[in-house]
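Coordinates in review
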Amino acid sequence: MDAREQIFNQLIEDCGGGIARLASSYVRNRAEREDLVQEIWLAIWRALPAFRGESSLRTFVYRIAHNRSVTQLARRRDTHGDELLEDLQDERPGPEAQLLQNRDAERLVRAVSLLPLGMRQVLTLRFEGLSYSEISEVLGISESNVAVRLNRARERLNTKLGNAV
């Protein structure tokens, strides 16, 4: 196994769940989400030789994931129109079959999915543990814009969830 394969395998181990969650914030359909995750990992594999260390490897990976997701969203809009943004079907089992904690988590996920894309982006990356600076690099926006989006997202979540956040 060469160095590129080792780095790639380590990235899958370290960032696999985060990449899947990031993809989930862009597309809601399970099949499209799985396709997007595969596209992201392929793009990361292809981009690894170009990594120059100007940012952390984690930031580099999430930037690629973000760019690939935005491209996928643009393709979907071109193909299906804006109604896809309103398609909010949740494929998980209903809350009545889950414990109270799972219901609260489900309410939060659903509320986040109803937020505008810019707010979902910063929240998802923040949930993955990225700093404001890293989020700024990934999304190509200023740190102050990251802070504003996070505050607005929190305010909307507080409103939607009845101040339970």
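Residues numbered from 1 in each chain as written. Predicted model: local features only at pLDDT ≥ 70, side-chain atom pairs only at ≥ 80, totals over all residues. Heavy atoms only, no water.

1. Some remarks on the environment of Leu-108
By the secondary structure assignment, Leu-108 is in helix 5 (residues 100-113). Separated by 52 residues in the primary sequence, Leu-108 and Lys-160 have C-alpha atoms spaced 9.2 Å apart. Leu-108 has contacts with Leu-157 and Leu-161, leaving out every residue within four places of it along the chain. (Helix = DSSP H or I, 4+ residues; strand = E, 2+ residues; numbered from the N terminus. Contact = heavy atoms within 4.5 Å.)

2. What to know about the packing of aromatic side chains
Taken as a whole and assessed by the stated rule, the structure comprises three aromatic pairs. Relative to Trp-41, the ring of Phe-8 lies with its centre 5.7 Å away and its plane at 90°, an arrangement referred to as edge-to-face. Separated by 33 residues along the polypeptide, Phe-8 in helix 1 (residues 3-26) and Trp-41 in helix 2 (residues 30-47) bring together distant segments of the chain. Residue class for Phe-8 comes out buried when judged on its relative accessible area of 13%. Feature note: the residues Phe-8, Trp-41 and Trp-45 constitute an aromatic cluster, connected by ring pairs. (Phe/Tyr/Trp six-rings, centres within 6.5 Å; stacked < 30°, edge-to-face > 60°. Buried < 20%, exposed > 50% of the residue type's maximum accessible area, 1.4 Å probe, protein only.)

3. Quick notes on the packing of helix 6 (residues 117-127) against helix 8 (residues 143-160)
Viewed as axis vectors pointing N to C, helix 6 and helix 8 meet at an angle of 100°, and their least axial separation amounts to 9 Å. Put simply, helix 6 runs roughly perpendicular to helix 8. Where helix 6 approaches helix 8, its residues Gly-118, Met-119, Gln-121, Val-122, Leu-123 and Arg-126 are matched on the opposing element by Val-146, Arg-149, Leu-150, Arg-152, Ala-153, Arg-156 and Leu-157. The residue makeup of the contact of helix 6 with helix 8, split by class, is seven nonpolar, two polar and four charged. (Axes fitted to C-alpha atoms, helices over the stretch in contact; angles between N-to-C directions. Parallel < 35°, antiparallel > 145°, perpendicular 65-115°, else oblique. Nonpolar A, V, L, I, M, F, W, Y, C, P; charged D, E, K, R; others polar.)

4. Some points on the pattern of salt bridges
Applying the stated rule across the entire model yields four salt bridges. Glu-39 is paired through a salt bridge with Arg-75; the nearest N and O atoms lie 3.5 Å apart. Within this pair, whereas Glu-39 is found in helix 2, its partner Arg-75 is found in helix 3 (residues 57-80), the two being separated by 36 residues in sequence. Looking at Arg-75, the relative accessible area reads 39%, which means it is partly exposed. The salt bridge involving Glu-134 is made with Arg-58; its shortest N-O contact spans 3.9 Å. Of this pair, Glu-134 sits in helix 7 (residues 132-139) while Arg-58 sits in helix 3; the two residues are 76 residues apart in sequence, bridging distant segments of the chain. (Salt bridge = Lys/Arg side-chain N within 4 Å of Asp/Glu carboxyl O.)

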